[in-house]
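# Report on the structure
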Amino acid sequence: MTAKAKALFFGLTLFLIITWALLLFNSQNWQDSVEQVLVSLRTTPNTSLDQVIPPTSSIAELQKELPEVDFDFWYHYAQPDNYRINWTCAKYPDPLDLQLHNYYWQTFLNANVTFRLYAAYLDKREAVNSSSGHGVVRILATANQSDNEFPSTHCQLWFVGHKQPIVTPISEYTSVWVKEWGLKPLLSYPHILSCPVPNTLPTNLAGSNPSTVSLTSQFCEHASNSLRVHYETSNNKVTKGIISNAPGSSVNSSFSEVKTPLNFGVCLKAFDFPFVDISERLIEWFELQRLLGATRIYGYVYQVHPQVQRTLAYYEHSGFLELRPLTMANGIPRLPHYLHLLLKNRLMVKRLNELIPYNDCFYRNMYRHDYMVNVDIDEVIMPMGELRNWQQLLVADGETTRSKCEFNSNFKELFMLQNTLRHQNYTKENVATKCFHNTRFSLTLHNHYTLKSLPNSCDRRFLSTQIAQMQHYKDTNETTLHPSKLIEDRNIWKFETDLRAAVKHVWKHL
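Residues numbered from 1 in each chain as written. Predicted model: local features only at pLDDT ≥ 70, side-chain atom pairs only at ≥ 80, totals over all residues. Heavy atoms only, no water.

Let's shift gears to the confidence of the model for the chain. Considering every residue of the chain, the mean pLDDT works out to 81; 72% of them sit at 70 or more. Across residues 22–51 the pLDDT falls below 50, and counting only partners more than four positions away or on other chains, this stretch makes 27 contacts in the model. Note that pLDDT drops below 50 for residues 240–258; the model gives that stretch 42 contacts with residues more than four away or on any other chain. (pLDDT = per-residue confidence, 0-100. Contact = heavy atoms within 4.5 Å.)

Set out below in structure tokens:
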């Protein structure tokens, strides 16, 4: 008999003796005791535990690959302390058993509904915390249905230092889509799933926040999904940066004396420019956003041209841009030619997936900024007249409790400073409009406006075109603007000196 076989025989014999002793003297708790024996045996040098749990250095690499799975929580707390209710009930999910889907999504099946889970966030805004103060965990997900009844679902909320999950039912399934826009089978419809943190928590959890959340169809079910719960507190607000750092920047001082500077974040849908270099347009747009008052821009990437990647890397390095890779919820692989073709020809699929980055951007950063702005890179919310930034624009409006929207005006497709011709008429309300989304009250966002707000908050309203307009630089292949319908609009020229200096500064460093 080899040494390895002898060691295995000895280990099995020891296991049987200990198990028999436990059954004889402590039959009431035999299941938990056997589990402890298994854990102790697995931690001996002769086992493969060192292959199951990676070294700490690998944890950081795993976090980069799957950013929404909290490997650190599993490694330091859930696995070594054996988080679960008991032997057969609600065991903390092992990361190797998760139902991963297309890199950044996880699958949860309940009855006839297929959920794709993207990310989770703790919502403790004042408008939410009127009663318990513990907040609500919001899960951004898609479902293969919309406007139908959902099966009962349980949320397992896991805390550091508490071995058993706090189990609570989903209280609300909020659609981020309006059925009048169209419903087709087999598509992925975005939703916000709400898991309220109970009013009463164990005393050892006083002041604690959930670290991860899992969904199950049954109370004791072992979950096969796990999302870290994001909570960027209001103490982590991004440094305010209304004025560009580029040489030559200036601002009209008559509007700049404001007691509390407002903080603006800008959200972009996923970049899909694999074959075209749009660096020139992108730099001009980024620098104009900075001049207008954007504190930071948040972008997502499907695929981009190498030169565009270089430009984005520059803004990432400067701290003005945060980028996240993205895949589509329905499982479409990130293949440049195929994905680009699909996004061009399946507009409903494209529009449904655009709502994921916009809402993820909002919830990740709602404590960092006073307002979030959802725009495309051919759109600019432009202050009118002597107003030179968004801070001055909202001060001029004088009302701060709602989301603010601007009427859309279409420009012909040229570089922004060169283009001064626009359509003489604005679009109607809610048509191609863009908004400042108030982070205190918004619940779900569409590309163009807040879809749903928190209770007891005001609905969105439109700003006067005397103080703001949304300038949309349309491709002339998409819309025909007859010369008789065009008027001169040189409002952007007030930024010419600063914008040229800022763009030149970037090109010099690139």
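Okay, back to it.
Here we take up the pairing of strand 9 (residues 212–216). Of all five residues making up strand 9, five are buried, and the element is well covered by its neighbours. Alternating residues of strand 9 divide into Thr-212, Ser-214 and Thr-216 and Val-213 and Leu-215, and every residue in both groups is buried. Summarising the sheet, strand 5 (residues 154–159) and strand 9 pair through five bridges and their orientation is antiparallel. Within strand 9, the position partnered with Cys-155 by the bridge is Leu-215. Note: strand 9 against strand 10 (residues 227–230), two bridges, orientation antiparallel. (Buried < 20%, exposed > 50% of the residue type's maximum accessible area, 1.4 Å probe, protein only. Helix = DSSP H or I, 4+ residues; strand = E, 2+ residues; numbered from the N terminus. Pairing = 2+ DSSP bridges.)

A word on the environment of Met-366. The topology assignment puts Met-366 in the loop between helix 9 (347–365) and strand 14 (371–374). Accessibility expressed as a relative area gives 3% for Met-366, which makes it buried. For the pair Met-366 and Gly-265, spaced 101 residues apart in sequence, the C-alpha separation works out to 8.9 Å.

Of all hydrophobic cores here, the largest spans 46 residues; its most connected members are Trp-285, Phe-286, Leu-288, Leu-312, Trp-390 and Phe-436. When residues in this core are grouped by element, the largest group, seven residues, is from helix 6 (residues 279–292). Those residues in contact with Trp-390 that sit more than four places away from it in its chain are Phe-264, Val-266, Gln-289, Leu-292, Gly-293, Ala-294, Val-373, Ile-381, Pro-383 and Phe-436. Formed by 40 residues, the second largest nonpolar core is a distinct cluster that contains Ala-119, Ala-329, Met-372 and Leu-445. (Core = buried A, V, L, I, M, F, W, Y, C linked by side-chain atoms within 4.5 Å.)

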